[in-house]
Amino acid sequence: MVKPVFAIVGRPNVGKSTIFNRIVGERVSIVEDKPGITRDRIYHSAEWLNQDFFVIDTGGIDMGDEPLIEKMRHQAELAIDEADVICFVVNGREGITAADEEIAQLLHRSKKPVILAVNKMDDPSLHEKLYEFYSLGLGEPHPVSGSHGRGFGDMLDAAKEYFPADKPPEYDDETIRLSLIGRPNVGKSSLVNAILGEERVIVSDIPGTTRDAVDTAFKKDEQDYVVIDTAGMRKRGKVYESTEKYSVLRALKAIERSNVVLVLIDGEEGIIEQDKKIAGYAHEAGRAVVIVVNKWDAVEKDDKTMREFENKIRDEFAYLDYAPIVFLSAKTKKRVQHLLPVVNQVSESHNLRVPTNVLNDVIVDAVTMNPTPTSAGGRRLRINYTTQVSVAPPTFILFVNDPDLLHFSYRRYLENRIRDAFGFAGTPIHILARKKRD
């Protein structure tokens, strides 16, 4: 299912980021304590009344040296293009400004649903100021306080009314859904063309669910694949290329619709912070991952170059230590033939289910080799039973005497033992602790 997108727009200093943080709440923090995942967020998952959705904070989109008015306009245009519902934030204490009116005109022309959030209404006595905001022509103003959390329920209730209904899965479970993510000019389109250009590949273009998207379906060696496209991947222009963070917005939608993600790195330029950010989204979404080093033909190398580059990837992407690495050149098609077999392998791992009795034998052996930790108060973790509850990604539940006693380092140890026993190449593993019922 593709999550709806709720984009927050408005001029500077109206509280967009505060509202963003309030909506996503504790989910802003990284679930897994692993190095290498940046905590900078402009786009994150949230939930309201059992409805999952994405939130964009356009205040985090940097437009470089552009004048302020141009920057605001471009941020709003990005949000309009991405969003199912737009949250237009204004400052209730200051009233309507010329910049507010300009953004309102953009939103009118978009024909998108708009929720007008009048922020900084901390005191109910300020609510009489709401009436002037009706003049923007964007419907009922919703008084909120980002700093105190007031009014968010009514605002999100109104937004939820406009979220599109869930659509059934587009493809059957046997089809491997591929997305290619990476910063601009890393060679995503070239690699797609190289994959589709191989012999014995049958190709067809089919409409995707994302606006203006065209997914590419193909078959090779009796396996069905779909390359997931997103709206705008083929677009060019100042708005879309003025910020690398825009590639993150596109990547999230592609990740959401895929089950295997190819994280592309420019072998010639090396690894930058943006690569780690984009890859972190794939990891956190629980997708199978293959790291692809493209433009390998342009790298001056000796017999140690590949190993040194691989070591650097493992150091910079410590949280993706399970992901295989493929070096290739989309331009020359050299080593491209190695990619799909690796994709097949990680897809199989992503959907692997382990027999319960064999899994418990592995856990018992692991605890025997390295006993469970004790707390500062002398209480020891006791694992009574383990079961796998889902796949894609493989998720395991440990039934224990006290979930708080499962330290992240011991969780990591158990994950390594499970990987040693069953492989799970290319897929994250989720290990959850539940209190055993008496």
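I will try to describe carefully the structure that is included in this document.

Cut-offs used in this document
- Residues numbered from 1 in each chain as written.
- Predicted model: local features only at pLDDT ≥ 70, side-chain atom pairs only at ≥ 80, totals over all residues.
- Heavy atoms only, no water.
- Core = buried A, V, L, I, M, F, W, Y, C linked by side-chain atoms within 4.5 Å.
- Buried < 20%, exposed > 50% of the residue type's maximum accessible area, 1.4 Å probe, protein only.
- Helix = DSSP H or I, 4+ residues; strand = E, 2+ residues; numbered from the N terminus.
- Contact = heavy atoms within 4.5 Å.
- Axes fitted to C-alpha atoms, helices over the stretch in contact; angles between N-to-C directions.
- Parallel < 35°, antiparallel > 145°, perpendicular 65-115°, else oblique.
- Left-handed = near helix turned anticlockwise from the far one by under 90°.
- Nonpolar A, V, L, I, M, F, W, Y, C, P; charged D, E, K, R; others polar.
- Pairing = 2+ DSSP bridges.

1. Here we look at the nonpolar core
Phe-88, Leu-107, Ile-313 and Leu-320 are the most contacted members of the largest nonpolar core, which totals 55 residues. The greatest single-element share of this core, amounting to five residues, is contributed by helix 3 (residues 98-110). Those residues within four positions of Phe-88 in sequence are excluded, and the remaining contacts are Val-9, Gly-10, Asp-100, Ile-103, Ala-104, Leu-107, Val-114, Ile-115, Leu-116, Ala-117, Leu-136 and Leu-138. By size, the runner-up hydrophobic cluster in this structure holds 27 residues, among which are Val-192, Phe-218, Leu-262 and Ala-330.

2. Quick notes on the packing of helix 11 (residues 356-369) against helix 12 (residues 408-422)
In the contact formed by helix 11 and helix 12, the axes pass within 10 Å of each other and the chain directions differ by 130°. The orientation of helix 11 with respect to helix 12, classified from their angle, is oblique. As helix 11 packs across helix 12, the resulting crossing turns out to be right-handed. Within the contact between the two elements, helix 11 uses Val-358, Leu-359, Val-362, Ile-363, Ala-366, Val-367 and Met-369 and helix 12 uses Tyr-410, Tyr-413, Leu-414, Arg-417, Ile-418, Ala-421 and Phe-422. Residue classes in the contact of helix 11 with helix 12 are distributed as 13 nonpolar, no polar and one charged.

3. Notes on the sheet that holds strand 1 (residues 5-9)
Strands sit in the order 2-3-1-4-5-6 across an open sheet of six strands; the sheet is mixed. The sheet is open, and its two edges are formed by strand 2 (43-48) and strand 6 (141-143), each paired on a single side. Each neighbouring strand pair of the sheet contributes to a mean axis angle of 30°, computed without reference to strand direction. Across four bridges, the pairing between strand 1 and strand 4 (residues 85-91) is parallel. Bridged to Phe-6 within strand 4 is Val-85.

4. Here's the deal with the sheet that holds strand 14 (residues 383-390)
Spatially, the three strands line up as an open sheet ordered 14-15-16, and their pairing is mixed. The open sheet has two free edges, formed respectively by strand 14 and strand 16 (430-435), since each of these has just one partner strand. Each neighbouring strand pair of the sheet contributes to a mean axis angle of 25°, computed without reference to strand direction. Pairing geometry for strand 14 and strand 15 (residues 395-400), over six bridges, is antiparallel. If you follow Thr-387 over to strand 15, its bridge partner there is Ile-397. In the packing of helix 11 onto the sheet, contacts are made with strand 14 and strand 15, and the angle to strand 14 comes to roughly 135°. Where helix 12 meets the sheet, it contacts strand 14, strand 15 and strand 16, and its direction lies at approximately 125° from that of strand 16.

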